[in-house]
Amino acid sequence: MSELTPKMDGIAEAQLEKESGPWSEAWRGFRKSKVAVVGMAVVVFFIIIAIFAPWIASQGINDQNLADRLHPPSAEYWFGTDDFGRDILSRIIHGARISLAVGFFSVIGSVVVGSILGIVAGYYGRWVDVIISRVFDIMLAFPSILLAIAIVAVLGPSLQNALIAIATINVPNFGRLIRSKVLSIKEDEYITSAKAIGMKDVRILFSHILPNSMAPVIVQGTLAVATAILEAAALGFLGLGAQAPMPEWGKMLADSKAYLQSAPWTMIFPGIAIMLTVLGFNLMGDGLRDALDPKMKS
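Residues numbered from 1 in each chain as written. Predicted model: local features only at pLDDT ≥ 70, side-chain atom pairs only at ≥ 80, totals over all residues. Heavy atoms only, no water.

(A) A look at the packing of helix H6 (residues 144-155) against helix H7 (residues 159-185). Remark: H6 packs on H7, axes separated minimally by 9 Å, with the N-to-C direction vectors making an angle of 140 degrees. It follows from the interaxial angle that H6 and H7 lie oblique. The crossing of H6 and H7 is right-handed. Every residue of H7 that contacts H6 at Ser 144, Leu 147, Ala 148, Ile 151, Val 152 and Leu 155 is listed here: Asn 161, Ala 162, Ile 164, Ala 165, Thr 168 and Ile 169. Across the contact of H6 with H7, the residue classes tally to nine nonpolar, three polar and no charged. (Axes fitted to C-alpha atoms, helices over the stretch in contact; angles between N-to-C directions. Helix = DSSP H or I, 4+ residues; strand = E, 2+ residues; numbered from the N terminus. Parallel < 35°, antiparallel > 145°, perpendicular 65-115°, else oblique. Left-handed = near helix turned anticlockwise from the far one by under 90°. Contact = heavy atoms within 4.5 Å. Nonpolar A, V, L, I, M, F, W, Y, C, P; charged D, E, K, R; others polar.)

(B) Local environment of the pattern of salt bridges. This structure, assessed with the given rule, holds six salt bridges. For Arg 91, the salt bridge goes to Asp 82, with nearest N and O atoms at 4.0 Å. On the basis of relative accessible area, Arg 91 is assigned to the buried category, the value being 3%. What makes Asp 82 buried here is its relative accessible area of 6%. (Salt bridge = Lys/Arg side-chain N within 4 Å of Asp/Glu carboxyl O. Buried < 20%, exposed > 50% of the residue type's maximum accessible area, 1.4 Å probe, protein only.)

(C) Quick look at helix H10 (residues 214-237). An ideal rise of 1.5 Å per residue puts 34 Å on 24 residues; H10 measures up with 34 Å between its terminal C-alpha atoms. Just downstream of H10 lies Gly 239, where phi reads positive at about 85 degrees. (Expected span 1.5 Å × (residues − 1).)

(D) Up close: the packing of helix H2 (residues 34-51) against helix H4 (residues 88-124). Viewed as axis vectors pointing N to C, H2 and H4 meet at an angle of 115 degrees, and their least axial separation amounts to 8 Å. By the criterion of interaxial angle, the relationship of H2 to H4 is roughly perpendicular. Seen along the crossing, H2 lies across H4 with a hand that is left-handed. Only Ile 93, Ala 96, Arg 97, Leu 100 and Phe 104 of H4 make contact with H2, whose side of the interface consists of Phe 46, Ile 47, Ile 49, Ala 50 and Ile 51. When grouped by side-chain class, the residues that make up the contact of H2 with H4 number nine nonpolar, no polar and one charged.

(E) Main features of the packing of aromatic side chains. Per the counting criterion, the structure on display carries six aromatic pairs. Note on Phe 45 and Phe 46: the rings are 5.4 Å apart at their centroids and 80 degrees apart in plane angle, and the pair reads as edge-to-face. Judged by centre distance (5.8 Å) and plane angle (75 degrees), the rings of Phe 104 and Phe 281 are edge-to-face. Here Phe 104, found in helix H4, pairs with Phe 281, found in helix H12 (residues 265-292); they are 177 residues apart in sequence, far enough to count as distant. Taking the relative accessible area as the measure of exposure, Phe 104 reaches 32% and is therefore partly exposed. The positively charged end of Lys 257 is found above the aromatic ring belonging to Phe 237, 5.5 Å away from the centroid. (Phe/Tyr/Trp six-rings, centres within 6.5 Å; stacked < 30°, edge-to-face > 60°. Lys NZ or Arg CZ within 6 Å of the ring centre and 35° of its normal.)

(F) Geometry of unusual backbone geometry. Note that the residue after Ala 244, namely Pro 245, is joined by a cis bond; omega there is 5 degrees. Residue position: Pro 245 is located in the loop between H10 and helix H11 (249-256). Even without a glycine there, the phi angle at Leu 70 is positive, about 55 degrees. With respect to the helices and strands, the residue Leu 70 is situated in the loop between helix H3 (53-56) and H4.

(G) A look at the nonpolar core. By size, the foremost hydrophobic cluster in this structure holds 62 residues, and its most contacted members are Val 107, Ile 204, Ile 209, Leu 235, Trp 249 and Phe 281. With twelve residues, the top contributor of residues to this core is H4. In this structure Val 107 touches Phe 174, Gly 221, Ala 224, Val 225 and Ala 228, once residues within four positions along its chain are discounted. Among the nonpolar cores identified, the runner-up in size contains five residues, and Ala 121, Val 128, Ile 132 and Phe 136 belong to it. (Core = buried A, V, L, I, M, F, W, Y, C linked by side-chain atoms within 4.5 Å.)

Here's what the structure looks like:
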């Protein structure tokens, strides 16, 4: 009986691993990375703050109190006040909504457009691939922030146009990623079999090829959110993104640069918020890459 127990345990473990599937295995691998879990905790923290901002923030984002103008951090104002006497903590909490919204929605737009173009280029090839790939190459030839500035300069300074610009400049990254993945799997046996039984191209693309190409997209998307938040802050700092009196973190930095020496807390705390959010997404993205990419597994 004792000899059968190890065998039964081994069979049970093998059966459990078989039933769990690749995504469950990836989740177990992700949890093993303490750094990745810390990154996810930071991201979840800021998401919760963004969702419950109206209830967490003690004051309104535009409530001015000139008597407490440039008040240093205290029991009443934990992060101090800005040049209009507005509570910096409340503005940072509400600013999390703006920064995360720009990050998520711009990446979603980039993923949708880039995936469609990448799938079409990789699957059909020939002149279609040449045209789409050359467009990607032209866009990637420009520094991303300069291209974003050019797009916003044409459309006009606003948060919405900044979001469009950030989504546009990230399209080639996802397009080339999907294209390379499609090229590697479109000749697999199950794709050939689907063509042989007369399955339409649209169904093959979205039922077989796209689902099997999502792992690298998820990793790239997580890292792209961090980049998008930085780019939104940069555009806001230059006056091309969110406009006053919106509590966007980059705009808060721009409004506070004149008080760097006299009231450094006006720049320190928004900067820390940007740093922690970007760091959290980068750490989580690295953990996802290790968990989803078989080549990274030891």
